[in-house]
Amino acid sequence: MASGLRNSFRCDPEKAFPLYQYLELELPKVWPDFYLGSKGLDEMGDDHGWTFPDKAEIWLREDVYDGLRTDRGRDRFTAAHELGHLVLHGCPLARSRRPSGELPLFRDSEWQADNFAGEFLMPVEVVRKFPDPWTLAAECVVSEQAASVRINELRRERFI
Ligand SMILES: [Zn+2]
């Protein structure tokens, strides 16, 4: 689903995905109800993002929104994670982490949103080309930590 959505937006495959431009300009053209907004720290507190799939809204905390706009890796990943909730999950505000052990990992909505974000920002073909966290992070404009998790995940699943 992540690669389908990514590929439906024509962009230079050699460059990092222009996530801010996509969410602010391109996605509303094909999905008029979609809205990306930001709210202050006073309202959102420790939460970096809120997603309301029933209203097609994503809200990012002000500093996270700024980070998305200025290509900060960690905030790009958060925005892609929220996009994952929006397209994968029907329940509103799919944010809270369930206590571990309650259900299989792949059924956990946080795990699913993280994996969506990983595939969306670091497609498997790109990871094959740059299978080290530093280069991958630079190429895809994500944090080295996110790049490292992605590489390990794909190695474990034997995709690379
Ligand atoms: Zn989440």
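Report follows, based on the coordinates. (Residues numbered from 1 in each chain as written. Predicted model: local features only at pLDDT ≥ 70, side-chain atom pairs only at ≥ 80, totals over all residues. Heavy atoms only, no water.)

Considering the sheet that holds strand β3 (residues 57-61)
Point 1. Strands sit in the order β1-β3-β2 across an open sheet of 3 strands; the sheet is mixed. With one partner strand each, in any of the chains shown, β1 (35-39) and β2 (49-52) form the two edges of the open sheet. For this sheet, the mean angle separating the axes of adjacent strands, direction not counted, is 20°.
Point 2. Relative to β3, β1 is paired through 5 bridges, and the arrangement is parallel. (Pairing = 2+ DSSP bridges. Helix = DSSP H or I, 4+ residues; strand = E, 2+ residues; numbered from the N terminus. Axes fitted to C-alpha atoms, helices over the stretch in contact; angles between N-to-C directions.)

Re the coordination of the zinc ion
Point 1. Distances from the zinc ion to its protein donors, His81 (NE2), His85 (NE2), Glu110 (OE) and Glu110 (OE), fall at 2.1 to 2.8 Å.
Point 2. Geometry at the zinc ion is irregular, judged from its 4 donor atoms and the angles of 51 to 133° they form at the metal.
Point 3. Along the chain, the residues donating to the zinc ion fall in the pattern H-x3-H-x24-E. Of this pair, His81 sits in helix α5 (residues 73-88) while Glu110 sits in helix α6 (residues 109-121), and the two are 29 residues apart along the sequence.
Point 4. You can call His81 buried: its relative accessible area is 7%. (Donors = N, O, S within 2.8 Å, 3.2 Å for Na, K, Ca; no water. Tetrahedral: all angles 85-135°; square planar, octahedral: opposite > 155°, others 65-115°. Buried < 20%, exposed > 50% of the residue type's maximum accessible area, 1.4 Å probe, protein only.)

Some remarks on the packing of aromatic side chains
Point 1. Counted according to the given criterion, the structure contains 9 aromatic pairs.
Point 2. Taken together, a centroid distance of 5.6 Å and an interplanar angle of 75° make the contact between Phe9 and Phe17 edge-to-face.
Point 3. Residue class for Phe9 comes out buried when judged on its relative accessible area of 13%.
Point 4. By relative accessible area, Phe17 is classed as buried at 1%.
Point 5. Aromatic ring contacts, followed pair by pair, group Phe9, Phe17, Tyr22, Phe116 and Phe120 into a single cluster.
Point 6. Positioned above the aromatic ring of Trp59, the side-chain terminus of Lys39 is 4.1 Å from the ring centre.
Point 7. One Lys or Arg, Lys55, reaches over the ring of Phe52 and ends 4.8 Å from the middle of that ring. (Phe/Tyr/Trp six-rings, centres within 6.5 Å; stacked < 30°, edge-to-face > 60°. Lys NZ or Arg CZ within 6 Å of the ring centre and 35° of its normal.)

What about the layout of surface pockets?
Point 1. In this structure, the second largest pocket spans a volume of roughly 230 Å³.
Point 2. Taken together, 13 residues make up the lining of the second largest pocket; nearest its centre are Trp111, Asn115, Phe116, Glu119 and Arg150.
Point 3. The set of elements that each furnish at least two residues to the lining of the second largest pocket consists of α6 and α9 (144-156).
Point 4. If one sorts the elements of the lining of the second largest pocket by residue count, α6 sits on top with 5 residues.
Point 5. Its residues assigned to classes, the lining of the second largest pocket comprises 7 nonpolar, 2 polar and 4 charged. (1 Å grid on protein atoms, 1.4 Å probe; cavity = no way out; pocket = protein on both sides within 12 Å on 5 of 7 lines; lining within 4 Å. Points joined across faces, edges and corners; volume = space filled by probe spheres on them. Nonpolar A, V, L, I, M, F, W, Y, C, P; charged D, E, K, R; others polar.)

Any link to function would need more than the numbers given here.
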